[in-house]
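Understanding the architecture of this molecule
Chain by chain, the residues run as shown.
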Number of protein chains: 2
Amino acid sequence: MRVPTRREDALPALAEAFREHGFEGASVATLSKATGLGKGSLYNFFPGGKTEMMDAVLADIDGWFVTAIFAPLERAGDPTAAIRAMMADVTVYFRSGGRTCLVGSIGLGGSGDAFASRTRGYFTRWISALAGCLDAGGVPAPLAVPLAEEVVSGIQGAIVLAHALSDQAAFVRILRRQEAMLLATLASHVR
Amino acid sequence: MRVPTRREDALPALAEAFREHGFEGASVATLSKATGLGKGSLYNFFPGGKTEMMDAVLADIDGWFVTAIFAPLERAGDPTAAIRAMMADVTVYFRSGGRTCLVGSIGLGGSGDAFASRTRGYFTRWISALAGCLDAGGVPAPLAVPLAEEVVSGIQGAIVLAHALSDQAAFVRILRRQEAMLLATLASHVR
DNA sequence: GTCTATAAAGCGATAGAC
DNA sequence: GTCTATCGCTTTATAGAC
């Protein structure tokens, strides 16, 4: 969509601008250019200014993850297939590490406190969804939870490293190792 | 030191301010307060302004890691002890995930391009130092390199997760698992 | 609902007194 | 070498024309 006419249509462009410049680094002028909307229109859509824009972007991202990643894990008809799908979808979403995780970087940076509940919800749900999927596959919870925690954390680390080294192959290598470990753990706990 | 009189004495306070507010988010006024130095003194020490301050901070951090982390790994008299020491030192340095990795977050954020060579050097040397240590312990390079890559990446992920969840215990759990995996790999390749 | 013009504040950076 | 005062510019946010 060239020039958004609805608030939600502006979110992807806003997200990319925030990814590229960070929350403090992205000025309203930058966001105006990125969306094609004038400042007045932006403030019409987001009366709360930049903070509301970022909050809406994070909510949008969270919504996407819920439907595309978390819910399938929680259904968990076939845990092995669900984990394979998660890894594949995550690789596409983060463009093999070429794309930053806005939730993770906001959680790291200084502006994180304003969005702390969002980042917290995102990671806790991801970990519990993955742990639940492992549990459904026969992995006992005391093992499944730290394993899920390690993998979700590992994905964030892969993004940091791939971005720092401009090495998307590293991202793919790390996720492959994580996937292999998850599948091996599942295989050793077949009911 | 209450009020720094030498350029290098200002670096720790600058580093903490950059960690807390990010590069764009930390204004010169912020940095002046953080260091106790007036703007004039800051610009006297760092004529290049904020960019030079951040660059000096990153160089200082890199120097600390070289002497405290990388060099011991590269000496590698006792690989097992060296890896234990690395994990212990890293846990202290990052305060169990309560302290952010400035190199990693700068590498993620928008201002990363200006400091790309520093972040790249930091991670490549860490990975090669750790891989060399594993190699010295008998782990063949084709296995040691991706393993080192995974662990260095995993530490970054643990920082992201611990910070997002305000859960330092998660940081410790993840690093313990990484350490156990490294030591197990070493043990299975005793010469 | 969209834009331009503008207000008020804060920014990085500099000049000059001491 | 340190500070305060100040410059010029950009920032967020608003007001008002259309």
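Structure first, text after, so check above.
Described below are features of the structure shown in this document.

Reading guide: rules and limits
- Residue positions are given per chain, counting from 1 as you read along its sequence in written order.
- Chains and ligands are labelled by the order in which they are written, letters from A for the one and numbers from 1 for the other.
- Reporting of local features is limited, given that this is a predicted model, to residues whose pLDDT is at least 70; pairs of side-chain atoms are given and counted only at 80 or more, and all residues count toward the totals for whole chains, interfaces and linings.
- Water and hydrogen atoms play no part in the side-chain values, which are based on all heavy atoms of the structure.
- Only buried residues count toward a nonpolar core. Its members are Ala, Val, Leu, Ile, Met, Phe, Trp, Tyr and Cys residues joined through side-chain atoms within 4.5 Å.
- Think of it in three bands: with a 1.4 Å probe and only protein chains considered, a residue is buried below 20% of the maximum accessible area for its type, exposed above 50%, and partly exposed in between.
- Residue contacts are counted whenever heavy atoms from the two residues lie within 4.5 Å of one another.
- Only a single heavy atom is needed: when it lies within 4 Å of a molecule or strand, its residue is near that molecule or strand.
- Any pair of N or O atoms that falls within 3.5 Å is considered a polar contact. Within protein, one atom must be able to donate a hydrogen and the other to accept it, and sequence-neighbouring residues count only if both atoms are side-chain atoms.
- Put simply, DSSP H or I for four residues or longer makes a helix, DSSP E for two residues or longer makes a strand, and each gets a number counted from the N terminus.
- When residue character is reported, Ala, Val, Leu, Ile, Met, Phe, Trp, Tyr, Cys and Pro are called nonpolar, Asp, Glu, Lys and Arg charged, and the others, Gly included, polar.
- Lines fitted to the C-alpha atoms define the axes, with helices restricted to the stretch that makes contact. Angles between their N-to-C directions range from 0 to 180 degrees.
- Roughly parallel covers angles under 35 degrees, roughly antiparallel covers those over 145, roughly perpendicular covers 65 to 115, and oblique covers all other angles.
- Crossing handedness is read from the near helix: turned anticlockwise from the far helix by less than a right angle, it gives a left-handed crossing, and turned clockwise, a right-handed one.
- Buried area: the accessible area, evaluated with a 1.4 Å probe, that two parts lose upon being put together, summed over both parts.
- By convention in these notes, a salt bridge is any Lys or Arg side-chain nitrogen within 4 Å of a carboxyl oxygen on Asp or Glu.
- Overlaid copies result from least-squares superposition on C-alpha atoms, with residues included only where pLDDT is at least 70 in both.

Digging into the nonpolar core
Among the nonpolar cores identified, the biggest contains 136 residues, and Phe94(A), Trp126(A), Phe94(B) and Trp126(B) are the most heavily contacted of them. Apart from the residues within four sequence positions on either side, Trp126(A) is in contact with Phe65(A), Ile69(A), Phe70(A), Leu73(A), Met86(A), Val90(A), Phe94(A), Val152(A), Ile155(A) and Gln156(A).

Digging into the protein's contact with DNA strand D
Among the 13 residues in the neighbourhood of DNA strand D, the closest are listed as Val28(A), Tyr43(A), Gly38(B), Gly40(B) and Ser41(B). Sugar and phosphate atoms represent 67% of those atoms of DNA strand D found within 4 Å of the protein. A distance of 3.2 Å separates a base nitrogen of DNA strand D from a polar atom in the side chain of Lys39(A). One of the side-chain nitrogen or oxygen atoms of Lys50(A) is found 3.2 Å away from a phosphate oxygen of DNA strand D. Where the surface near DNA strand D is concerned, the elements lending two or more residues are α3 (39-45) of chain A together with α3 (39-45) of chain B. The element that contributes the greatest number of residues to the surface near DNA strand D is α3(B), accounting for four residues. When grouped by side-chain class, the residues that make up the surface near DNA strand D number five nonpolar, six polar and two charged.

Side note on the protein's contact with DNA strand C
Inspection of the region around DNA strand C gives 13 residues, with Gly38(A), Ser41(A), Val28(B), Lys39(B) and Tyr43(B) positioned closest. Among the atoms of DNA strand C lying within 4 Å of the protein, the sugar-phosphate backbone contributes 72%. Between DNA strand C and Lys39(B) there is a distance of 2.9 Å, counted from a base nitrogen to a side-chain nitrogen or oxygen. For DNA strand C, a phosphate oxygen lies 2.9 Å from a polar atom in the side chain of Tyr43(B). Elements represented by at least two residues in the surface near DNA strand C include exactly α3 of chain A together with α3 of chain B. Looking at which element gives the most residues to the surface near DNA strand C, the answer is α3(A), with four residues. Residue composition of the surface near DNA strand C, grouped by class: five nonpolar, six polar and two charged.

Examining the packing of helix α7 (residues 116-136) of chain A against helix α8 (residues 141-165) of chain A
Angle between the axes and distance between the axes: these two values describe a pair of packed helices. All names here are of chain A. It is at 8 Å that the axes of α7 and α8 come closest, and there the two elements cross at 130°. Comparing their axes, α8 and α7 come out oblique. For the element pair α7 and α8, the recorded crossing hand is right-handed. Residues Phe123, Trp126, Ile127, Leu130, Ala131, Leu134 and Asp135 of α7 pack against Ala141, Ala144, Val145, Leu147, Ala148, Glu149, Val151, Val152, Ile155 and Gln156 of α8.

Examining the interface of chain A and chain B
Every contact between the two is made by 37 residues of chain A and, on the other side, 36 residues of chain B. Where chain A abuts chain B, roughly 3,200 Å² becomes buried across the two surfaces, and 62% of that area is made up of carbon and sulfur atoms. If you look at where chain A meets chain B, you find four salt bridges. One salt bridge connects Arg177(B) with Glu150(A), and the closest N-O pair in it is separated by 2.6 Å. Where chain A touches chain B, the interface holds 12 residue pairs in polar contact (both at pLDDT 80 or more). Mapped by element, the contributors of at least two residues to the side of chain A that touches chain B are α1 (11-21), α6 (102-108), α7, α8 and α9 (168-187) of chain A. Ranked by the residues each element gives to the side of chain A that touches chain B, the list is headed by α8(A), at 16 residues. Class assignment of the residues belonging to the side of chain A that touches chain B gives a composition of 14 nonpolar, 16 polar and seven charged.

Notes on the relation of the copies chain A and chain B
Screw-axis analysis of chain A against chain B gives a translation of 0.0 Å along the axis, an RMSD of 0.1 Å, and a rotation angle of 180°. Read as a symmetry element, the transformation amounts to a two-fold axis. Taking C-alpha positions as reference, the residue of chain A nearest the rotation axis is Gly157(A), located at 1.8 Å. Looking at the interface residues of chain A, 97% of them are also at the interface in chain B, so both copies use one shared face.

A look at unusual backbone geometry
Residue and element names in this part refer to chain A. Positive phi outside glycine occurs at arginine 95, with the angle close to 45°. Position of arginine 95 relative to the elements: it lies in the loop between α5 (79-93) and α6. We classify arginine 95 as partly exposed; its relative accessible area is 48%.

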